[in-house]
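Residue strings, one per chain:
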Amino acid sequence: MILEALGSAVLGLVLAWAASYRLSHRLPARPLVLCTGVAGALFGDFVTHTALGPGTAWLSLLGAAIISAASLSLLLRPSARLRRSATA
């Protein structure tokens, strides 16, 4: 259980770092992105582990990755070229 939580936290950190590296112009400050990725992965692992029970470590890590990616997507801002005034 501890290794599963540690693995999901590392997975969330890697996903958050990759998103921060690739989409730095559309995301807020890097510490917020990294914390959100780790928290989303831990929450996803908790939910998946609670729903499926013990013995499904790979599925729990998959759930952690999905919830982490979903929580990171909530931080995205629109790109600068898509912004227009409401009267245009």
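Residues numbered from 1 in each chain as written. Predicted model: local features only at pLDDT ≥ 70, side-chain atom pairs only at ≥ 80, totals over all residues. Heavy atoms only, no water.

As for its placement among the helices and strands, Ala41 is situated in helix α2 (residues 30-52). The class of Ala41 is buried, set by a relative accessible area of 0%. Considering only alpha carbons, one finds Ala41 and Val10, 31 residues apart in sequence, at a separation of 8.6 Å. When near neighbours in sequence (up to four residues on either side) are disregarded, Ala41 contacts Ser8, Gly12, Ala64 and Ser68. (Helix = DSSP H or I, 4+ residues; strand = E, 2+ residues; numbered from the N terminus. Buried < 20%, exposed > 50% of the residue type's maximum accessible area, 1.4 Å probe, protein only. Contact = heavy atoms within 4.5 Å.)

Take the environment of Gly7 next. The topology assignment puts Gly7 in helix α1 (residues 2-22). What makes Gly7 partly exposed here is its relative accessible area of 28%. C-alpha of Gly7 to C-alpha of Ala64: the two residues are 57 residues apart in sequence and 9.5 Å apart in space.

All right, on to the side chain of Asp45 then. As for its placement among the helices and strands, Asp45 is situated in helix α2. For the buried Asp45, no salt bridge exists, and the shortest N-O distance to an oppositely charged side chain is 24 Å, to Arg30. If near-sequence neighbours (up to four positions away) are discounted, Asp45 is found in contact with Glu4, Ala5, Ser8, Ser60 and Ala64. (Lys, Arg positive; Asp, Glu negative; His and termini not counted. Salt bridge = Lys/Arg side-chain N within 4 Å of Asp/Glu carboxyl O.)

Running from amino to carboxyl end, α2 crosses helix α3 (residues 57-73) at an angle of 140°, the nearest separation of the two axes being 7 Å. Considering the angle they form, α2 stands oblique to α3. Crossing hand, α2 versus α3: right-handed. Along the contact surface, α2 presents Val33, Thr36, Gly37, Gly40, Ala41, Phe43, Gly44, Asp45, Thr48, His49 and Leu52, while α3 presents Leu59, Ser60, Gly63, Ala64, Ile67, Ser68, Ser71 and Leu72. (Axes fitted to C-alpha atoms, helices over the stretch in contact; angles between N-to-C directions. Parallel < 35°, antiparallel > 145°, perpendicular 65-115°, else oblique. Left-handed = near helix turned anticlockwise from the far one by under 90°.)

Counting six residues, the largest nonpolar core is built from Ala16, Ala19, Leu27, Val33, Leu72 and Leu75. Those residues in contact with Val33 that sit more than four places away from it in its chain are Ala16, Ser20, Leu27, Pro28, Leu72 and Leu75. (Core = buried A, V, L, I, M, F, W, Y, C linked by side-chain atoms within 4.5 Å.)

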